[in-house]
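Single-letter residue listing:
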Amino acid sequence: EVEGFVEKTRDELPKSGSDLLLSSSNNLVKELAKILQPPSESTGRSRGRSQRPTVGLQFSEQLTSLRKKIDATSPHYIRCLKPNNLLIPDRFDTALIADQLRCAGVIEAVRVSRLGYPQRFAHTQFITRYRLLGKKFKEEL
């Protein structure tokens, strides 16, 4: 089960990083750079890479994909609350529910929202979104 673990989880040093280390005037740093270079780098970086992407690369790609999905949508969150510790239907322990809401940050979010700061738009986003309302108001004057 551990066969190939090192190859699978290895993240190679970026070419710019290895070039920087190799150009060092310090002999120790140069030797370390030679050790850190993959053995097949002389044949070309793309051919020297292993068949599988590294764990770090996979994580980075998945995180980028997730950020793109979140940015493209308006996510809404559903919070599941445990109504009581006895698991009895239609019985609500208000202290337990309030504690769960407090720990999840919902009470703080509602407090901030009531103060009138539910969202913060960049100036360009605000103009793009509400420009039409400004034109209608100007026409009515």
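Preceding this paragraph is the structure being described.
## So, the packing of aromatic side chains
Move 1: Overall, the coordinates contain one aromatic pair when judged by the stated rule.
Move 2: Arranged with centres 4.9 Å apart and planes meeting at 45°, the rings of Phe126 and Tyr130 form a pair that is tilted. Residue Phe126 and its partner Tyr130 are located together in helix H8 (residues 123-140), separated by four residues, close to a single helical turn.

## Some points on a nonpolar patch on the surface
Move 1: Among the surface-exposed residues, Phe121, Phe126, Ile127, Tyr130 and Leu133 lie close enough to one another that they form a single nonpolar patch of about 420 Å² accessible area.
Move 2: Note that Leu133 resides in helix H8.

## Observations concerning unusual backbone geometry
Negative phi is the rule for most residues except glycine; trans is the rule for most peptide bonds.
Move 1: Look at Leu87: it is not a glycine, yet its phi comes out positive at around 60°.
Move 2: Relative to the elements of secondary structure, Leu87 occurs in the loop between helix H5 (55-72) and helix H6 (94-104).
Move 3: Given the relative accessible area of 67%, Leu87 is considered exposed.
Move 4: Unusually for a residue other than glycine, Asp90 sits at a positive phi of about 60°.
Move 5: The class of Asp90 is exposed, set by a relative accessible area of 75%.

Criteria and thresholds
Residues numbered from 1 in each chain as written. Predicted model: local features only at pLDDT ≥ 70, side-chain atom pairs only at ≥ 80, totals over all residues. Heavy atoms only, no water. Phe/Tyr/Trp six-rings, centres within 6.5 Å; stacked < 30°, edge-to-face > 60°. Helix = DSSP H or I, 4+ residues; strand = E, 2+ residues; numbered from the N terminus. Patch = residues over 30% accessible without salt bridge, like charges linked within 9 Å, V, L, I, M, F, W, Y side chains within 5 Å. Areas by Shrake-Rupley, 256 points an atom, 1.4 Å probe, with all protein chains shown as cover. Salt bridge = Lys/Arg side-chain N within 4 Å of Asp/Glu carboxyl O. Buried < 20%, exposed > 50% of the residue type's maximum accessible area, 1.4 Å probe, protein only.

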